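Read off the chains here:
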Amino acid sequence: MASVVIIPSEGEEFTVAVEESFTVLELKEAINEEIGLGPSKQELFLLGYPLTEDGALLKDLLHICSTFSLVLSGGEERHRPGKGPREVFSDEELFLIKGQRTNFEAILLDANKEHWIQLKSGKFGVVKHVEGEEIGKRIFHFSQYEVKQEGSIALRTEDGRDKVYLIIEEGPNGEEIELKPIDTKTYDERARVTKLDKAGKLGNAIASWVRALGHLLSGTGAVAEVF
């Protein structure tokens, strides 16, 4: 029996007891027993990449990392003032990175899909360049933004330029405010991931995002939350 750490998009992190012979689906069922959220409503990520193969074995993943990020499926929860999750929407496939410089998470956002993400600091960034290709050794260069009001975040490409908007859903039509960058920063994955099992393989669990990674490295943007 082993324990894995689950970091949800809302609320405190918790641990779940698992067997190495468990599949990703069985991990989701264990999470369901813990918090009452069915497997179909869960999106699990390992080191920022989605685990889309429910049949993948945990023993192939735990060699790499024993901490999983949990994101609620779009529309399952609604944004609440304060520390609740905030809706993030992008018209392109993007990475969202949240957390501190030495302990950040990367979450791959699907294009044209709602994601509910907890952004405690109110600060985030849009990555302009990814230096390196090897997972765990990449360097993200990004423009930093900050939101101080309630509302959702929309990431769009307009006339070939990345735009970031805060959507305040008040009144019959709501209000849309374009956010301007406040700083430029760099995050280095080597400061976060200090050890990887070189012989380990993600196998089926990462097959679906290898192509997405190639698109990102070839010029697609990404998003990062920073403190």
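Above this text is the structure in question.
Since this is a predicted model, take the numbers as computed values, not measurements.

Cut-offs and rules
Residues numbered from 1 in each chain as written. Predicted model: local features only at pLDDT ≥ 70, side-chain atom pairs only at ≥ 80, totals over all residues. Heavy atoms only, no water. Patch = residues over 30% accessible without salt bridge, like charges linked within 9 Å, V, L, I, M, F, W, Y side chains within 5 Å. Areas by Shrake-Rupley, 256 points an atom, 1.4 Å probe, with all protein chains shown as cover. Salt bridge = Lys/Arg side-chain N within 4 Å of Asp/Glu carboxyl O. Lys, Arg positive; Asp, Glu negative; His and termini not counted. Charge placed at Lys NZ, Arg CZ, Asp CG, Glu CD. Helix = DSSP H or I, 4+ residues; strand = E, 2+ residues; numbered from the N terminus. Buried < 20%, exposed > 50% of the residue type's maximum accessible area, 1.4 Å probe, protein only. Polar contact = N/O pair within 3.5 Å; in protein donor to acceptor, adjacent residues only side chain to side chain. 1 Å grid on protein atoms, 1.4 Å probe; cavity = no way out; pocket = protein on both sides within 12 Å on 5 of 7 lines; lining within 4 Å. Points joined across faces, edges and corners; volume = space filled by probe spheres on them. Nonpolar A, V, L, I, M, F, W, Y, C, P; charged D, E, K, R; others polar.

Caption draft 1: Representation of a negative patch on the surface within the structure. A cluster of acidic side chains, namely Glu 26, Glu 29, Glu 33 and Glu 34, defines a negative patch on the protein surface. Examined against the element boundaries, Glu 33 turns out to sit in helix 1 (residues 24-35). Its relative accessible area of 72% is what places Glu 33 among the exposed residues.

Caption draft 2: Up close: unusual backbone geometry. The backbone of Leu 47 shows a phi angle near 50°, a positive value even though the residue is not glycine. One non-glycine residue with positive phi stands out, namely Asp 159, at about 55°. Among the structural elements, Asp 159 can be located in the loop between strand 12 (152-158) and strand 13 (161-168).

Caption draft 3: How the structure looks around the side chain of Arg 138. Tracing the backbone through its elements, the reader meets Arg 138 in the loop between strand 10 (123-131) and strand 11 (139-146). Using a relative accessible area of 1% as the deciding quantity, one classes Arg 138 as buried. Side-chain polar atoms of Arg 138 contact the side chain of Tyr 49, separated by 2.3 Å. A polar contact is formed between the side chain of Arg 138 and the side chain of Glu 189, at a distance of 2.7 Å.

Caption draft 4: Structural detail: empty space enclosed by the protein. For the structure on display, the rule yields four cavities of 30 Å³ or more. In this structure, the second largest cavity encloses a volume near 50 Å³. What lines the second largest cavity is simply Ile 7, Pro 8, Ser 9, Ser 69, Leu 70, Val 71, Lys 98, Glu 105, Ile 107, Ile 117 and Gln 118. Among the secondary structure elements, those contributing two or more residues to the lining of the second largest cavity are strand 1 (2-8), strand 5 (67-72) and strand 8 (103-109). In terms of residues, the lining of the second largest cavity owes the most to one element, strand 5, which gives three residues. Taken together, the residues that form the lining of the second largest cavity break down as six nonpolar, three polar and two charged.

Caption draft 5: Structural detail: the pattern of salt bridges. Taken as a whole and judged by the stated rule, the model has 12 salt bridges. The salt bridge partner of Arg 156 is Glu 176, with a shortest N-O separation of 2.8 Å. Separated by 20 residues along the polypeptide, Arg 156 in strand 12 and Glu 176 in strand 14 (residues 175-178) bring together distant segments of the chain. With a relative accessible area of 26%, Arg 156 lands in the partly exposed category.

So, to be careful, I would describe these as geometric facts and stop short of saying anything about function.
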